[in-house]
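Descriptive analysis of the structure
The residues making up each chain are set out below.
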Amino acid sequence: MRVLVVEDEARLAATVRDLLELDGYTVDVCRDGESGLDNALSGIYDVCLMDVMLPKLDGFEAVRRLRNEGCGVPVLMLTARSDLSDRVRGLDCGADYYLTKPFEPKELLACVRALVRRQPELRDTGILEYGDLRLDKNGFQLSCGERSIHLSRKEYSLLELLMLNRERVLEKETIFLKIWGYDSEAEGNNVEAYISFLRRKLAHLHSHVHIRTVRMAGYCLEKAPETAG
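Described in the following lines is the structure provided in the data block. (Residues numbered from 1 in each chain as written. Predicted model: local features only at pLDDT ≥ 70, side-chain atom pairs only at ≥ 80, totals over all residues. Heavy atoms only, no water.)

Structural notes on the sheet that holds strand E2 (residues 26-30)
Short version of the rule: Strands are treated as partners if at least two bridges between them are detected by DSSP. Strands are runs of DSSP state E lasting at least 2 residues, helices are runs of H or I lasting at least 4, and numbering of each runs from the N terminus. Axis definition: a line fit to C-alpha positions, over the contact stretch in the case of helices; interaxial angles, taken between N-to-C directions, run 0 to 180 degrees. For this analysis, residues touch if any pair of their heavy atoms sits within 4.5 Å.
Taken together, the 5 strands give an open sheet; going across it, the order is E2-E1-E3-E4-E5, and neighbouring strands pair in parallel fashion. With one partner strand each, in any of the chains shown, E2 and strand E5 (97-100) form the two edges of the open sheet. Each strand of the sheet is rotated relative to its neighbour by a mean of 20°, with strand direction disregarded. By the bridge criterion, 4 bridges tie strand E4 (residues 75-79) to E5 in an arrangement that is parallel. Counterpart to Met77 in the pairing with E5 is Tyr98. Packed onto the sheet, helix H3 (residues 59-68) meets strand E3 (47-51), E4 and E5 and runs at close to 170° relative to E4.

Some thoughts on the state of the cysteines
Working definition: the covalent bond between the sulfur atoms of two cysteines is a disulfide. The cut-off we apply is this: Two cysteine sulfurs form a disulfide in these notes if their separation is within 2.5 Å. Exposed residues in this analysis have more than 50% of their type's maximum accessible area, buried residues have under 20%, and partly exposed residues fall in between, with area computed by a 1.4 Å probe over protein chains only.
Per the counting criterion, the structure on display carries 0 disulfides. Residue Cys30 stays outside any disulfide, its sulfur separated by 8.3 Å from that of Cys48, the closest cysteine. Free of any disulfide, Cys220 has its nearest cysteine sulfur in Cys144, 18 Å distant. Residue classification places Cys220 among the buried positions, given a relative accessible area of 1%.

A look at the pattern of salt bridges
Note the cut-off: The rule for a salt bridge is simple: a side-chain nitrogen of Lys or Arg has to be within 4 Å of a carboxyl oxygen of Asp or Glu.
Following the criterion strictly, the structure yields 14 salt bridges and no others. Between Lys178 and Asp46 there is a salt bridge; the shortest N-O distance is 3.2 Å. Here the residue Lys178 occupies a position in helix H7 (residues 172-179), and Asp46 occupies one in the loop between helix H2 (33-40) and E3, the gap between them amounting to 132 residues. On the accessibility criterion, Asp46 (14% relative accessible area) is buried. A salt bridge links Asp96 to Arg67, with the shortest nitrogen-to-oxygen separation between them at 3.0 Å.

Observations concerning the sheet that holds strand E8 (residues 141-144)
Reading across the sheet, the 4 strands line up as E6-E7-E8-E9 and stay open at both edges, with antiparallel pairing between neighbours. In this open sheet, the two edge strands, each paired with only one partner strand, are strand E6 (127-130) and strand E9 (147-150). Strand-to-strand twist across the sheet, computed as the mean angle between neighbouring axes with direction ignored, equals 20°. Of the strands in this sheet, E6, strand E7 (133-136), E8 and E9 are in contact with helix H6 (residues 153-164), which crosses E7 at around 125°. Strands in contact with helix H8 (residues 190-204) are E7, E8 and E9; relative to E9, the strand with the most contacts, it is inclined by about 155°.

Concerning unusual backbone geometry
Residues Lys101 and Pro102 are joined by a peptide bond in cis, for which omega reads -10°. Even without being glycine, Lys56 reaches a positive phi, approximately 75°. Turning to its location among the elements, Lys56 is positioned in the loop between E3 and H3.

Points about the packing of H3 against helix H4 (residues 84-93)
Definition in use: In what follows, roughly perpendicular refers to angles from 65 to 115 degrees, roughly parallel to angles under 35, roughly antiparallel to angles over 145, and oblique to any angle outside these ranges. Three classes are used: nonpolar for Ala, Val, Leu, Ile, Met, Phe, Trp, Tyr, Cys and Pro, charged for Asp, Glu, Lys and Arg, and polar for all others, with Gly counted as polar.
Relative to each other, H3 and H4 sit at 25°, their axes nearing to 8 Å. In terms of orientation, H3 lies roughly parallel with respect to H4. Residues Phe60, Val63, Arg64 and Arg67 of H3 form the contact with H4, whose participating residues are Asp86, Arg89, Gly90 and Cys93. A class-by-class count of the residues in the contact of H3 with H4 yields 3 nonpolar, 1 polar and 4 charged.

Considerations on the nonpolar core
What counts is decided by this rule: Here, nonpolar core means buried Ala, Val, Leu, Ile, Met, Phe, Trp, Tyr and Cys residues that are tied together by side-chain atoms lying within 4.5 Å of each other.
Counting residues in hydrophobic clusters, the biggest one holds 49 residues, and the most contacted among them are Leu20, Leu49, Leu76 and Leu142. A per-element tally of this core places H6 first, with 7 residues. Formed by 24 residues, the second largest nonpolar core is a distinct cluster that contains Leu37, Cys48, Leu54 and Phe60.

Considerations on H3
Applied cut-off: Throughout, the arc means the angular range of directions from the helix axis out to the C-beta atoms. Identification of polar contacts relies on pairs of N or O atoms within 3.5 Å, with a donor-acceptor requirement for protein atoms, meaning one able to donate a hydrogen and the other able to accept it, and with residues adjacent in sequence counted only if both atoms are side-chain atoms.
Within H3, the full set of buried residues consists of Gly59, Phe60, Ala62, Val63 and Leu66. Viewed along the axis of H3, the buried residues span an arc of 165°, placing them on a single side of the element. Those residues of H3 hidden inside the fold are in contact with H2, E3, E4, H4 and E5. At the N-terminal boundary of H3, the capping side chain belongs to Asp58, with an oxygen 3.0 Å from the backbone nitrogen of Phe60. Phi for Gly70, located one or two positions after H3, is positive at around 85°.

This is the structure we're talking about:
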């Protein structure tokens, strides 16, 4: 899961990023409303945390423009302003929830989990299932029947992305941005490398699920005919 944090206070932004990364999320940080809006409109994020008081473009206006562009990414607004009128304004602009600073780390993570659960395939337990596969966020474990194997963080994120999108073909560029992000210095062939890693692990588990390469398009998960349906 990829989270965008739009926060101009460097220390708070770093604290929120570290907190989310420890909980297994991939995080990008923007320091002003304009860049936050541009990044959010990319469509690669599963949740956006948006401060209200931002340089260049305030959070209210950023969320309003985000919704006007048809982007439905769940937004959690963060602000030191606790007036009811401000909370109402934030929700009316299109935010999904409003969290007042200072907040407890557990409360922030609970809010993010609640927004993530808007993905209908992701259960409250953090477990995804597809075909004969079971992907568990707790420990980054992938299971098939009685067999199981540990995934690296990047392998987990990639397989999670494929499982959430089921048989939908994901472009290589989309995968790269979702897993590595805009500012990554990783090579473009990292996608192929990690697809290869996952294919070997699926074979090790004797899974009937495989990753199909769609020429000139991207990748998708498929079930073998005997497990389809």
